[in-house]
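Topology and contacts: notes
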Amino acid sequence: MPLPSLAIQERLRAAVSTVCPEADLETVQVRPCPDPRFGDYQAVALMSLAKSRQVPPRQLAAEVLARLDLSDLCEAVEVAGPGFVNFRLRPQTVAAALSEAAEQSLPFVTPAAAPRTVVVDFSSPNVAKPMHVGHIRSTILGDCLARVLRRLGHRVITDNHLGDWGTQFGMLLLGWKRFLDLQALTRDAIAEMERLYKLVHAACQQDPSMLEAARRELVALQGGDPQNLAIWREMTTLSRAEFDRIYERLGIRFDYTLGESFYHPRLQALVDELVRLGLARESEGAKVIFFDNLPDLKDTPLIIQKSDGAFNYATTDLATLLYRIETWHPDEILYVTDARQQLHFRQVFAAFRMWRPDAAHVKLVHVWFGTILGEDGKPFKTRSGDTVKLSDLLDEAEERALQVVTVKQPELPEAERRRIARVVGLGAVKYADLLSNRQSDYVFSWDRMLSLSGNTAPYLQYAYARTASIFRKGGLTAEAARASAAKGIGLQTPEELALGRHLLDFGLVLEAVAEDYRPNYLCNYLFELAGRFTRFYETCPVLKAPEPERSHRLYLCEVTARVLRLGLEALGVEVLDQM
Ligand code: ARG
């Protein structure tokens, strides 16, 4: 049986197509009702359909409803306001869907009927520089989107577009050759490379001969000088080792890490082709793409080759885009970076559209996000005013979580408390990041994100552990609860019903996340789930209830735990059975 929301949608579409044969049925969607007082689900599509047919919306709705029989699934269907259609499930419909989920590994999720291939470009830090909190959002958000899309059955390819090529290597090479401190390099490679870069950068401001020397190193690297290539390779290897430690810690994997350097050999041919096609032209010695026909971009042409022959970040992105399309044949490519790159991606996408109209079907999306702010409302910095390094931030998260865990469970051995603190601390950082609307800035607050009450990872992780403890206390297994629920369950109280209804929408929420690229929907869904579970648990005895309520309620605990775990997993947040 399809999920009730899907069953309603299918029947609604059938009814719509008899009344309006020309309607685009894709637009007819059944979604959770924003206000549960009016119903469980809602369809708004009839209003725009009515508008295009120039009939009163309520009249069209009445015509459609006359052809719609949902009596087996829903209470009376209602037309409300200007023409919404509201549906409320019968309790037995909810119970039947819950029972069906007992035997499913991914409950309440309908796998995509037409799976898409989606490339997710995220994290993408720069070689020889530490990952800073700006990369944290890209890393956490990108990983979450990849997880959600995979859960829905899409084919996902993750690619870490490492900044491993570019003009900064001129200064880095010069610094490496003249000022390298080998001991410091062994101690903390990225810090030493950062020191070298800053040193040479400062020297170049004073001394034009330094600038010239750095330029020569860059030209030699680009010309394939073996020594410079070897140093460059070492810088990349050292940086990647450091990045990999962070990814490992965060439980993040990439399918590919091709990096900008991979595309370098393709760039000259690309520029030549764009010139030949008349899409780029020479302007003051540089090769430039002008967007004369695009009002919002006509004042911001895109340089793809500078007058000294060097290529740009954008040139590499054009080559990357073509490579990805030719290699992986994606339906969609997501770029997860901060808001400051909006113009860059608008230009790259527009240039690509002119260049390759044959790839017009590929959806290109810049999934951008705002800044992380300190409690003073200014961009997040360390106390001394430096940019915060991601690895330090994660250390602090674990330390602070240890204090929280110690207050709660002082009797646990330290090793055990540390194990829990790792899961709580990293979970808190990730969750706080995903919870905020990605397009607004958010204030980084340790106290808030580590709080055990409120919409936080620790709160949800404890809620999960509590459900697991019910089974331990009763000496019961989740398998037994599921086996009995597969034969059918009943929902008696309003709290049971409210919890059950909410569980049904897990898959719809994942779909909404994937559609708008907004994990905060999932955070809010899980928080609401934990709240409904608490209300159920406080009003309905479970282990002390007589049969068959006892089994039904145990199953409600089990399936809530499963959805909490799967949901947190989709956010990249781990859970523990015992905390
Ligand atoms: N390395 C860049 C940065 O740190 C991000 C790269 C994003 N991806 C891309 N295809 N441009 O800002």
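Quick note: structure is the one above.
My aim in this report is to walk through the structure given alongside it, one point at a time. (Residues numbered from 1 in each chain as written. Predicted model: local features only at pLDDT ≥ 70, side-chain atom pairs only at ≥ 80, totals over all residues. Heavy atoms only, no water.)

Examining the sheet that holds strand 8 (residues 286-289)
- Spatially, 3 strands are ordered 7-8-9 in an open sheet, and the strand pairing comes out antiparallel. Of all strands in the sheet, those bounded by a partner on one side alone are strand 7 (280-283) and strand 9 (302-305). Strand after strand, the sheet turns through a mean of 45° between neighbouring axes, direction not considered.
- Examined bridge by bridge, strand 8 and strand 9 share 3 bridges and lie antiparallel to one another. Looking across to strand 9, one finds that Val-288 is bridged to Ile-303. (Pairing = 2+ DSSP bridges. Helix = DSSP H or I, 4+ residues; strand = E, 2+ residues; numbered from the N terminus. Axes fitted to C-alpha atoms, helices over the stretch in contact; angles between N-to-C directions.)

Some points on the site of the ligand
- The local shell around the ligand consists of Asp-121, Ser-124, Asn-126, His-135, His-161, Tyr-313, Asp-317, Tyr-335, Thr-337, Gln-341 and Phe-345.
- Separating a nitrogen atom of the ligand from a side-chain N or O atom of Asp-317 is a distance of 2.8 Å.
- For the shell around the ligand, the elements supplying multiple residues, two or more each, are helix 12 (313-328) and strand 10 (332-338).
- Here the shell around the ligand is composed, by residue class, of 3 nonpolar, 6 polar and 2 charged. (Near = heavy atom within 4 Å. Polar contact = N/O pair within 3.5 Å; in protein donor to acceptor, adjacent residues only side chain to side chain. Nonpolar A, V, L, I, M, F, W, Y, C, P; charged D, E, K, R; others polar.)

So, helix 21 (residues 520-539)
- Relative to the 28 Å expected for 20 residues at 1.5 Å per residue, helix 21 spans 29 Å between its end C-alpha atoms, a close match to the ideal helical length.
- The set of residues buried in helix 21 consists of Asn-520, Leu-522, Cys-523, Tyr-525, Leu-526, Leu-529, Ala-530, Gly-531, Arg-532, Phe-533, Thr-534 and Phe-536.
- Buried residues in helix 21 make contact with helix 15 (414-435), helix 17 (457-474), helix 19 (494-503), helix 20 (506-516) and helix 22 (549-570). (Expected span 1.5 Å × (residues − 1). Buried < 20%, exposed > 50% of the residue type's maximum accessible area, 1.4 Å probe, protein only. Contact = heavy atoms within 4.5 Å.)

Some thoughts on the pairing of strand 4 (residues 84-87)
- Direction of pairing for strand 2 (residues 41-43) relative to strand 4: antiparallel, over a ladder of 3 bridges. The residue of strand 4 that forms the bridge with Ala-43 is Val-85.
- The sheet contact formed by strand 3 (residues 78-80) and strand 4 spans 3 bridges and is antiparallel. The partner of Glu-78 across the bridge, within strand 4, is Asn-86.

With respect to the environment of Leu-322
- Residue placement: Leu-322 occurs in helix 12.
- If we ignore the near neighbours within four places in the chain, the residues touching Leu-322 are Phe-352, Trp-355 and Arg-356.

Topic: the environment of Ala-213
- With respect to the helices and strands, the residue Ala-213 is situated in helix 9 (residues 208-222).
- Between the C-alpha atoms of Ala-213 and Leu-270, which are 57 residues apart in sequence, the distance is 29 Å.
- Those residues in contact with Ala-213 that sit more than four places away from it in its chain are Leu-174 and Arg-178.

A few points about the pairing of strand 8
- The pairing of strand 7 with strand 8 spans 4 bridges and is antiparallel. In the sheet register, Ser-283 faces strand 8, and the bridge partner there is Ala-286.
- Counting the residues in the hairpin turn of strand 7 and strand 8 gives 2 residues, including Glu-284, whose phi is positive at 50°.

Focus on the packing of aromatic side chains
- Tallied over the full model, the rule gives 18 aromatic pairs.
- Judged by centre distance (5.0 Å) and plane angle (85°), the rings of Phe-262 and Tyr-263 are edge-to-face.
- One aromatic cluster in this structure is built from Tyr-256, Phe-262, Tyr-263, Tyr-323 and Trp-328.
- The cationic tip of Arg-37 hangs over the ring face of Phe-38; the distance from NZ or CZ to the ring centre is 5.7 Å. (Phe/Tyr/Trp six-rings, centres within 6.5 Å; stacked < 30°, edge-to-face > 60°. Lys NZ or Arg CZ within 6 Å of the ring centre and 35° of its normal.)

Observations regarding the sheet that holds strand 11 (residues 363-369)
- Pairing within the open sheet is parallel, and its 4 strands lie in the order 6-5-10-11. In this open sheet, the two strands that pair with only one neighbour each are strand 6 (155-159) and strand 11. Sheet twist, expressed as the mean angle between neighbouring strand axes with direction ignored, is 20°.
- Inspection of the sheet shows strand 10 paired to strand 11 by 7 bridges, in the parallel sense. Bridged to Val-336 within strand 11 is Val-367.
- Of the strands in this sheet, strand 5 (117-121), strand 6, strand 10 and strand 11 touch helix 5 (residues 133-151), which is tilted by about 135° from strand 11.
- Running at roughly 145° to strand 10, helix 12 makes contact with strand 5, strand 6, strand 10 and strand 11 of the sheet.

Quick look at the packing of helix 10 (residues 226-250) against helix 14 (residues 390-408)
- Packing of helix 10 against helix 14 leaves a shortest axis separation of 11 Å and a crossing angle of 30°. With respect to each other, helix 10 and helix 14 are oriented roughly parallel. At the point where helix 10 passes helix 14, the crossing takes the left-handed sense. The residues of helix 14 that touch helix 10, namely those facing Glu-242, Ile-246, Arg-249 and Leu-250, are Leu-390, Ser-391, Leu-394, Asp-395 and Glu-398.
- Here the contact of helix 10 with helix 14 is composed, by residue class, of 4 nonpolar, 1 polar and 4 charged. (Parallel < 35°, antiparallel > 145°, perpendicular 65-115°, else oblique. Left-handed = near helix turned anticlockwise from the far one by under 90°.)

As far as function goes, none of this settles anything; it's purely spatial.
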